[in-house]
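Architecture at a glance
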Number of protein chains: 4
Amino acid sequence: MLSIKRLDLADARVLIEGAANKAREIGVPMCIAIVDESGNLIAFERMDGGKITSVTIAQDKAFTAAAAKKATHDYNAVNVPGSLAFGIHTEVGGRVSSVGGGMPVVVDGDVVGGIGLSSGTPQQDMDCAQAGIDHFLANRG
Amino acid sequence: MLSIKRLDLADARVLIEGAANKAREIGVPMCIAIVDESGNLIAFERMDGGKITSVTIAQDKAFTAAAAKKATHDYNAVNVPGSLAFGIHTEVGGRVSSVGGGMPVVVDGDVVGGIGLSSGTPQQDMDCAQAGIDHFLANRG
Amino acid sequence: MLSIKRLDLADARVLIEGAANKAREIGVPMCIAIVDESGNLIAFERMDGGKITSVTIAQDKAFTAAAAKKATHDYNAVNVPGSLAFGIHTEVGGRVSSVGGGMPVVVDGDVVGGIGLSSGTPQQDMDCAQAGIDHFLANRG
Amino acid sequence: MLSIKRLDLADARVLIEGAANKAREIGVPMCIAIVDESGNLIAFERMDGGKITSVTIAQDKAFTAAAAKKATHDYNAVNVPGSLAFGIHTEVGGRVSSVGGGMPVVVDGDVVGGIGLSSGTPQQDMDCAQAGIDHFLANRG
C-alpha cells in the first residue's frame, strides 16, 4: 500500500496568493492553476484581465509539472529537433506543455502537486510560479 | 459594439464561498466552478475530498448554464427520448451537461456567469449552486 | 467522374437572411450555420444575443442534415431506446445531432447543403430553418 | 462586476467585407472568421473556392488572436525551438495557431474581437486580415 502526500485546498490557496502577489507586482493579470500530485485540478483563479487561452494553458502547465514531475521549462530545453524528447508537447492529447510557466511543488523530496501560470511571457509566468512556491514554502508551519 | 456585464474574480470568490458553506453544512465536499457569461472559467475549488470526475463535471455544468443561459436541470427535464431536445447532453464535445447542478448567475436580467457544482447527488449539487447564488446576491453592494 | 451541385456563398447568405427574418419575427436571436453538401461550413452568423453553446450546435445540426441527408428531427424520432438507430447522436465525435433544427437543403432532388439553427426551443429552431429554406427556394432565379 | 466591449454582428460583417475586398483584389478566395473578445465565433464566410482546411484554420487564428490578445504572427516569431514559448501551437487542443493570419481587433485600447483569414500564403492571409481591420476602423461612426 502506498501513502501519498498531496496538497490540500488551503495549500493551493497559499500557492495562488504568492503567485498573484508577484503578478500584481509586475502588472500582468494571470491565470493560475494548482493541481495535486496526480495532475488533477485543486484550485484555479483567472485574475481580472487574464487571457482566455491561458485558462487551459495554465492548467496544462500545472498538469505537466506535477504528473511528469518536471518543470515545463525543463521540457522546453529538450524539446528541440534532434533531441530524443522532441515532440513531447503533443503527448497526452496535447496536455503536456513545453512552454515555461509550470513547476512541480516539492516537499521533503516528494512532488505533492504542481503550479501553472499563463498570460505573460514564459519568463514572467515562470517568475510568478516560483513566487507561488516560495510563498508556500515560507508559510508552512 | 456591444457592452457586456461579466462577473469579476471577487464575485466568483463570493459565489464559491456561499456554495462551500452549504456543502460543509450538508457534509459533502464539492467541486465548485465559476465561469463568465461566455462560459470561460474564472475560479475553481475542489474541497478536500471532492471527486476527481467532478473536476470536469462541475466546469461543464457551469459552462452549460452560462453559455446556454439555462440551468442544467432544465435541460435534464427535456433530455428524454421522444423530446425534440433529446441528445443535447452530447453536444459541444460533450461539454453540454443535463445533470442537475449548473445554474446561470443573473443580475438585473442579464446572465453574467454560471456556477457548477459536482460531487454530491444532483439535488445536493443544485442546493449548493443555489446557495452560492443566494450568498452572492445578498452580498452585492 | 461525379458532378456535384453545391450551394455557393450567395446562396448561403439568402438562407441566413430568411432564417434571421423569422428569428426576428419570433424574437429569438439565433446562431445560423450553412454548410455545403459535404458538411463543410460556408457561412455562419450569431445574431446579437445568440447563445455561445449554439455556435457549435448550429454547425453540428447543419453538418448532420447535409452529410447524412436527413433532418435532425428525423434522427430524433428514431433516436429512442429500443430503436436500432438509438445512440446515433454520439457518432462522428458527437457531431451528429438528433436535436431538432437541422435540415438538408434540397434542389431538384439533390441535397446541395444544410442549414442549422440553435438558440431557441427545437421547434423554434426548426421553424427558422424551414423559413430559411423557403426564402431560398422562393428567391432562386 | 466587469464591463466588457464586444463586436456586434454588424461590426463583424464590416470586418469580413474589408477582408473579402482585399482577397478579391489579390485573387485568392479566402475563409474569413470573426470572433468576439472571448474567442467565440460571431460570423464566418468561405468565399467560393476557399479551402476546406481553412474553415477550421481561419476560426482558430481568430480565436487565438482574440483570446490571447496577440496576432498569430507574433506567436510565430517566438514559436521556435529553444524559445521558452516553443510548442504554444499545440495548446488548447491545438486551437492556438502560430500561423500568420490572425489579428486582434482593438478599439480604444481594448481587444473587442479577432479576425482570422486562411487559404492564401500566411502573408496574404495577414494582408487580408489587416485590410479587414482597416476597413472596420475607417467605417466606425
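Residues numbered from 1 in each chain as written. Chains lettered and ligands numbered in written order. Predicted model: local features only at pLDDT ≥ 70, side-chain atom pairs only at ≥ 80, totals over all residues. Heavy atoms only, no water.

The name an unreviewed UniProt entry assigns to chain A is DNA polymerase III subunit delta, from the organism Marinobacter profundi.

1. Focus on the interface of chain B and chain D
Listed as interface residues are 16 residues of chain B and, on the opposing side, 16 residues of chain D. Buried surface at the junction of chain B and chain D, both sides included, amounts to about 1,300 Å², of which 52% is carbon and sulfur. The salt bridge involving Arg6(B) is made with Glu37(D); its shortest N-O contact spans 2.6 Å. Taken together, the connections running from chain B to chain D amount to 12 residue pairs in polar contact (both at pLDDT 80 or more). Sorting elements by how many residues they give to the side of chain B that touches chain D places strand E1 (residues 2-6) of chain B first, with 5 residues. (Contact = heavy atoms within 4.5 Å. Buried area = accessible area lost by both parts, 1.4 Å probe. Salt bridge = Lys/Arg side-chain N within 4 Å of Asp/Glu carboxyl O. Polar contact = N/O pair within 3.5 Å; in protein donor to acceptor, adjacent residues only side chain to side chain. Helix = DSSP H or I, 4+ residues; strand = E, 2+ residues; numbered from the N terminus.)

2. Some points on the relation of the copies chain A and chain D
Rotating chain A by 91° and moving it 0.2 Å along the rotation axis overlays it on chain D with an RMSD of 0.1 Å. What the superposition gives is, in effect, a four-fold axis relating one chain to the other. Among all residues of chain A, the minimum C-alpha distance to the rotation axis is found for Thr90(A), at 4.4 Å. A share of only 17% of the interface residues of chain A reappears at the interface of chain D, consistent with the copies meeting through non-equivalent patches. (Least-squares fit on C-alpha atoms with pLDDT ≥ 70 in both.)

3. Points about the interface of chain A and chain D
Residue-level contacts link 24 residues of chain A with 21 residues of chain D. Summed over both partners, the interface of chain A with chain D buries about 1,700 Å², with 63% contributed by carbon and sulfur atoms. For the pair chain A and chain D, the interface holds 0 salt bridges. At the surface where chain A touches chain D, the tally comes to 10 residue pairs in polar contact (both at pLDDT 80 or more). In terms of residues, the side of chain A that touches chain D owes the most to one element, helix H2 (residues 53-67) of chain A, which gives 4 residues.

4. Regarding unusual backbone geometry
Positioned with a positive phi, Asp108(A) is a non-glycine residue whose angle comes to about 50°. Although it is not a glycine, Ser119(D) sits at a positive phi angle of roughly 145°. Among the secondary structure elements, Ser119(D) is positioned in the loop between strand E5 (110-118) and helix H4 (122-138). Judged by its relative accessible area of 8%, Ser119(D) is buried. (Buried < 20%, exposed > 50% of the residue type's maximum accessible area, 1.4 Å probe, protein only.)

5. Examining the pattern of salt bridges
In total, this model carries 36 salt bridges over all chains according to the counting rule given. Taking the shortest distance from any N to any O, the salt bridge between Arg46(A) and Asp36(B) comes out at 2.9 Å. Of this pair, Arg46(A) sits in strand E2 (residues 41-46) while Asp36(B) is found in strand E2 (residues 31-36), placing the two residues in two different chains. Overall, the relative accessible area of 7% leaves Arg46(A) in the buried class. The exposure class assigned to Asp36(B) is buried, which follows from its relative accessible area of 0%. A salt bridge links Arg6(C) to Asp36(C), with the shortest nitrogen-to-oxygen separation between them at 3.7 Å.

6. Remarks on the packing of aromatic side chains
For any pair of aromatic rings, the description rests on two quantities: the centre-to-centre distance and the angle between the ring planes. Under the criterion given, the structure shown has 2 aromatic pairs over all chains. Each ring, one from Phe86(A) and one from Phe86(D), has its centre 6.3 Å from the other, and the planes form 10°; the classification is stacked. Of this pair, Phe86(A) sits in the loop between helix H3 (72-78) and strand E3 (102-107) while Phe86(D) sits in the loop between helix H3 (72-78) and strand E4 (102-107), which puts the two residues in different chains. Its relative accessible area of 39% is what places Phe86(A) among the partly exposed residues. For Phe86(D), a relative accessible area of 7% gives the class buried. Positioned above the aromatic ring of Tyr75(B) is the side chain of Lys70(B), whose terminal nitrogen or guanidinium carbon lies 5.4 Å from the ring centre. (Phe/Tyr/Trp six-rings, centres within 6.5 Å; stacked < 30°, edge-to-face > 60°. Lys NZ or Arg CZ within 6 Å of the ring centre and 35° of its normal.)

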